[in-house]
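Examining the three-dimensional arrangement
Each chain is listed here by its residues.
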Amino acid sequence: MPSDANLEHRLTDRVRALGGPVAVAYSGGADSALVLAAAARVLGPDQVLAVTAVSESLADGELLAARRLADDLGVTHLSPRTHESALPGYRANGPDRCYFCKSEVLDTIAALAHEHGFETVATGTNADDAADPYRPGIRAGRERGIRTPLLDAGLTKAEVRRLSRHWSLPTWNKPATPCLASRVRYGIEVTPYRLARVDRAEAAVRTLLAEAGLQVTDLRVRDLGDRARVEVDPALVSRVAALPALGEVLAAAGFAGPPHQVEPFHSGRLNTEPY
């Protein structure tokens, strides 16, 4: 197992090789936060720009947390509005939805970065992402010459978390928070309404679990069209399913259809289900 020092050396070398000012496509998650912190360390905060794309697919509260860390690092943070919902390929929600989303996001970030004098754009794509067959968004980055220091350094998700903890970043153990559109089953049109009700539902369920004394790491509310599926840590499934108020909070959020399901969380589950 490589040491923390080895991981640090591999990443900082790749960031140094970027050769100058860099804008980071910064979601606020563990991966892009580590790239942002590495760039600030190696290049200096004034040579780094953090850019967070804002749209209906960004979960509530994510922007504020992202801005707080960028401020702590001394990095300028911009949050342009993106318009994925205007793209037919995105709304159609096929397996290539991420390609259309990333294209819009990266084009917006790159244009804004160039306006501010940053010619290089980097993302938090890591080695595990590149090995995942369900990542069409990576192709959008490659087509645009977007840099990937974590991937180039060969850092896996586990190593990203290790190095983030070594650097005392608050995101080291932050659960993955992919865009809200990833909760909508393929073939069901992605609309602002669907994204908003998923966001409301996840926030409401998280509050309900906290009130019940249940500490959840991974939580998803999947929009299956006519019903919702709640996915939580496997050890919590039976206890969550038994909560009398679960159906009420889902209905209040907008999932008032047939009975909901509660099942174990599985990352990327909709990628492998028929639609």
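Here the structure is shown first, and the text comes after it.
Predicted model only: the values in this text are computed from it and were never measured. (Residues numbered from 1 in each chain as written. Predicted model: local features only at pLDDT ≥ 70, side-chain atom pairs only at ≥ 80, totals over all residues. Heavy atoms only, no water.)

What about the sheet that holds strand 7 (residues 261-264)?
- A sheet is described by the order of its strands in space; here 3 strands give the open sequence 5-6-7, paired in mixed fashion. Two strands lie at the open edges of the sheet, namely strand 5 (219-223) and strand 7, each paired on one side alone. Taken pair by pair, the neighbouring strands of this sheet meet at an average axis angle of 25°, ignoring direction.
- Where strand 6 (residues 228-232) meets strand 7, 4 bridges bridge the pair, whose relative direction is parallel. Bridging across to strand 7, Val230 finds its partner in Val262.
- Contacting strand 5 and strand 6, helix 10 (residues 192-211) runs over the sheet at an angle of about 145° to strand 5. (Pairing = 2+ DSSP bridges. Helix = DSSP H or I, 4+ residues; strand = E, 2+ residues; numbered from the N terminus. Axes fitted to C-alpha atoms, helices over the stretch in contact; angles between N-to-C directions. Contact = heavy atoms within 4.5 Å.)

Notes on the environment of Ala122
- As for its placement among the helices and strands, Ala122 is situated in strand 4 (residues 120-122).
- For the pair Ala122 and Leu224, spaced 102 residues apart in sequence, the C-alpha separation works out to 34 Å.

As for the pattern of salt bridges
- Inspection of the entire model under this criterion finds 23 salt bridges.
- A salt bridge links Glu143 to Arg139; the shortest N-O distance between them is 3.4 Å. Taken as a pair, Glu143 and Arg139 lie in helix 7 (residues 136-143) at a separation of 4 residues, close to a single helical turn.
- On the basis of relative accessible area, Glu143 is assigned to the partly exposed category, the value being 45%.
- Given the relative accessible area of 41%, Arg139 is considered partly exposed. (Salt bridge = Lys/Arg side-chain N within 4 Å of Asp/Glu carboxyl O. Buried < 20%, exposed > 50% of the residue type's maximum accessible area, 1.4 Å probe, protein only.)

Digging into the packing of aromatic side chains
- Throughout the structure, instances matching the rule amount to 2 aromatic pairs.
- Judged by centre distance (5.7 Å) and plane angle (80°), the rings of Tyr99 and Phe100 are edge-to-face.
- With a centroid separation of 5.7 Å and 65° between ring planes, the pair formed by Tyr186 and Tyr275 is classed as edge-to-face. Taken together, the positions of Tyr186 in the loop between helix 9 (157-166) and helix 10 and Tyr275 in the segment after strand 7 put the pair 89 residues apart, joining distant regions of the chain.
- One Lys or Arg, Arg139, reaches over the ring of Tyr99 and ends 4.0 Å from the middle of that ring.
- A cation sits over an aromatic face here: Arg197 above Phe255, 4.0 Å from the ring centre. (Phe/Tyr/Trp six-rings, centres within 6.5 Å; stacked < 30°, edge-to-face > 60°. Lys NZ or Arg CZ within 6 Å of the ring centre and 35° of its normal.)

A few points about the pairing of strand 5
- Of all 5 residues in strand 5, 5 are buried, a share of seventy percent or more.
- Because side chains alternate across strand 5, one face comprises the buried residues Leu219, Val221 and Asp223, and the other comprises Arg220 and Arg222, equally buried.
- With 5 bridges joining them, strand 5 and strand 6 adopt antiparallel strand pairing. The partner of Leu219 across the bridge, within strand 6, is Val232.
- Connecting the antiparallel pair strand 5 and strand 6 is a turn made up of 4 residues, with Gly225 showing a positive phi of about 100°.

Let's talk about the sheet that holds strand 2 (residues 48-51)
- In spatial order, the strands read 3-2-1-4; together these 4 strands make up an open sheet with parallel pairing. Edge strands, defined here as strands with exactly one partner in the open sheet, are strand 3 (76-78) and strand 4. For this sheet, the mean angle separating the axes of adjacent strands, direction not counted, is 25°.
- With 3 bridges joining them, strand 1 (residues 22-25) and strand 4 adopt parallel strand pairing. Each residue of the ladder has a partner; that of Val24, found in strand 4, is Ala122.

Description of helix 9
- Taken as a whole, helix 9 has its buried residues at Glu159, Val160, Leu163 and Ser164. Down the axis of helix 9, the buried set is contained in an arc of 135°. They therefore lie on one face. Opposite the buried face of helix 9, at more than 90 degrees from it, the exposed residues are Ala158 and Arg165.
- Buried residues along helix 9 sit against helix 1 (4-16), helix 2 (30-43) and helix 8 (149-152).
- Trailing helix 9 by a residue or two, Ser168 shows a phi angle of about 60°, which is positive. (Arc of directions from axis to C-beta.)

Let's talk about the packing of helix 10 against helix 12 (residues 246-253)
- Put simply, helix 10 and helix 12 touch, their axes get as near as 8 Å, and they point 155° apart. Here helix 10 lies roughly antiparallel to helix 12, going by the angle between them. The handedness of the crossing between helix 10 and helix 12 is right-handed. Listed contacts from helix 12 to Arg197, Arg200, Ala201, Ala204, Val205 and Leu208 of helix 10 are Leu246, Val249, Leu250 and Ala253.
- Within the contact of helix 10 with helix 12, the residues separate by chemical class into 8 nonpolar, no polar and 2 charged. (Parallel < 35°, antiparallel > 145°, perpendicular 65-115°, else oblique. Left-handed = near helix turned anticlockwise from the far one by under 90°. Nonpolar A, V, L, I, M, F, W, Y, C, P; charged D, E, K, R; others polar.)

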